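Chain by chain, the residues:
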Amino acid sequence: MIILKSEREIEIMSRAGRLVAETHAFLKDMIRPGVTTKELDEAAEDFIRSHGALPAFKGYNDFPGSICASINEVVVHGIPGLNKLKDGDIISIDIGTIVDGYYGDGAKTFPVGNVSDKDLELIEVTKQSFYEGLKYARVGNRLSDISHAVQKYVENNGFSVVRDFVGHGIGQRMHEEPQIPNFGLPGKGPRLKAGMVLAVEPMVNVGTYHVKVLSDNWTVVTIDGQKSAHYEHTIVITNDEPLILTKL
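In short, a report on the structure.

Rules used in this analysis
Residues numbered from 1 in each chain as written. Predicted model: local features only at pLDDT ≥ 70, side-chain atom pairs only at ≥ 80, totals over all residues. Heavy atoms only, no water. Phe/Tyr/Trp six-rings, centres within 6.5 Å; stacked < 30°, edge-to-face > 60°. Helix = DSSP H or I, 4+ residues; strand = E, 2+ residues; numbered from the N terminus. Buried < 20%, exposed > 50% of the residue type's maximum accessible area, 1.4 Å probe, protein only. Pairing = 2+ DSSP bridges. Axes fitted to C-alpha atoms, helices over the stretch in contact; angles between N-to-C directions. Contact = heavy atoms within 4.5 Å. Expected span 1.5 Å × (residues − 1).

Regarding the packing of aromatic side chains
No. 1: Evaluation of the coordinates by the stated rule reveals five aromatic pairs.
No. 2: Each ring, one from Phe26 and one from Phe47, has its centre 4.6 Å from the other, and the planes form 15°; the classification is stacked. Residue Phe26 is located in helix H1 (residues 7-28), and its partner Phe47 is located in helix H2 (residues 37-50); the two are separated by 21 residues in the primary sequence.
No. 3: Note on Phe26: relative accessible area 33%, which makes it partly exposed.
No. 4: Residues Tyr131 and Tyr231 carry aromatic rings whose centres are separated by 6.2 Å and whose planes lie at 50° to one another, so their mutual orientation is tilted. Taken as a pair, Tyr131 in helix H3 (residues 117-134) and Tyr231 in the loop between strand S13 (228-230) and strand S14 (233-236) lie far apart in primary sequence, 100 residues in all.
No. 5: We classify Tyr231 as buried; its relative accessible area is 8%.

Listed below in structure tokens is the structure:
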């Protein structure tokens, strides 16, 4: 069942979403060669808690971190640790917050130091594919219209869309219905209605879309070892333009 959110609920979720965006902006200034993902994780947790909120990922299904920190070939769910960022890396940081019992969720991929033109293109195409999907996030369209627009843009630019992991509804739980693939034919799935709150999150690979989960049961990597990028916003379907909650 897809839960439509009231104006009051959306107002609370907008605060959770804004804090996600503020945390990303805070961490961006820390991202440089030599910094560990554990340092980023601890800084994010302190920042979120200092704003009276909770880090949503901490302890979620026993996940040990407050953020997901996914470097290079790690697609999603990278566990923060003592590994240091290096010049030429890219890092995807996924952040979740809880404010008054409601969730915000967003992800961005950042360059570390001097990165290749191909990596910058990967980051930009991943980001833009979200906005291509957003064009279809309107009342009356089908859910897969968003999915198809993401896939078409990514593949037209020579990259591939991860298929084993998808976006999701969000509200008083991190993951609600519906699931939101980043691929598929248009005109499928439920019709979009005002009050739907969705976490749309393209995950884009340089090479094949195939991925695998490592033995820690969290870390997802590209099967060919090539790099991956992640971009996510929590959005609200309205009677007008879609509203992005995880944006400053």
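Remarks on the sheet that holds strand S11 (residues 211-213)
No. 1: Read from one edge to the other, the open sheet built from three strands follows the order S3-S12-S11, with strand pairing classed as antiparallel. Every other strand in the sheet has two partners, leaving strand S3 (74-76) and S11 as the edge strands with one partner each. Ignoring which end each strand starts from, the neighbouring axes of this sheet average 40° apart.
No. 2: Where S11 and strand S12 (residues 220-222) come together, three bridges link them in antiparallel fashion. For Lys212, the partnering residue across the bridge sits in S12 and is Val221.

Re the environment of Gly195
No. 1: Among the structural elements, Gly195 can be located in the loop between strand S8 (176-180) and strand S9 (197-200).
No. 2: Under the relative-accessibility criterion, Gly195 is labelled buried at 7%.
No. 3: When residues no more than four places from it in sequence are discounted, the contact partners of Gly195 are Ile3, Leu4, Lys5 and Ile237.

As for H1
No. 1: For H1, with 22 residues, the first-to-last C-alpha span of 31 Å sits near the 32 Å given by 1.5 Å per residue.
No. 2: All of the buried residues along H1 are Glu9, Ile10, Ile12, Met13, Ala16, Gly17, Leu19, Val20, Ala21, Thr23, His24 and Leu27.
No. 3: Elements that come into contact with the buried residues of H1 comprise H2, strand S2 (67-71), strand S4 (90-99), strand S5 (102-111), S9 and S14.

Here we look at H2
No. 1: With 14 residues, H2 ought to run about 20 Å at 1.5 Å a step, and its terminal C-alpha atoms sit 20 Å apart, in line with that.
No. 2: Every buried residue of H2 is accounted for by Thr37, Leu40, Asp41, Ala43, Ala44, Glu45, Phe47 and Ile48.
No. 3: Its buried side turned inward, H2 meets H1, strand S1 (54-55), S2 and S4.

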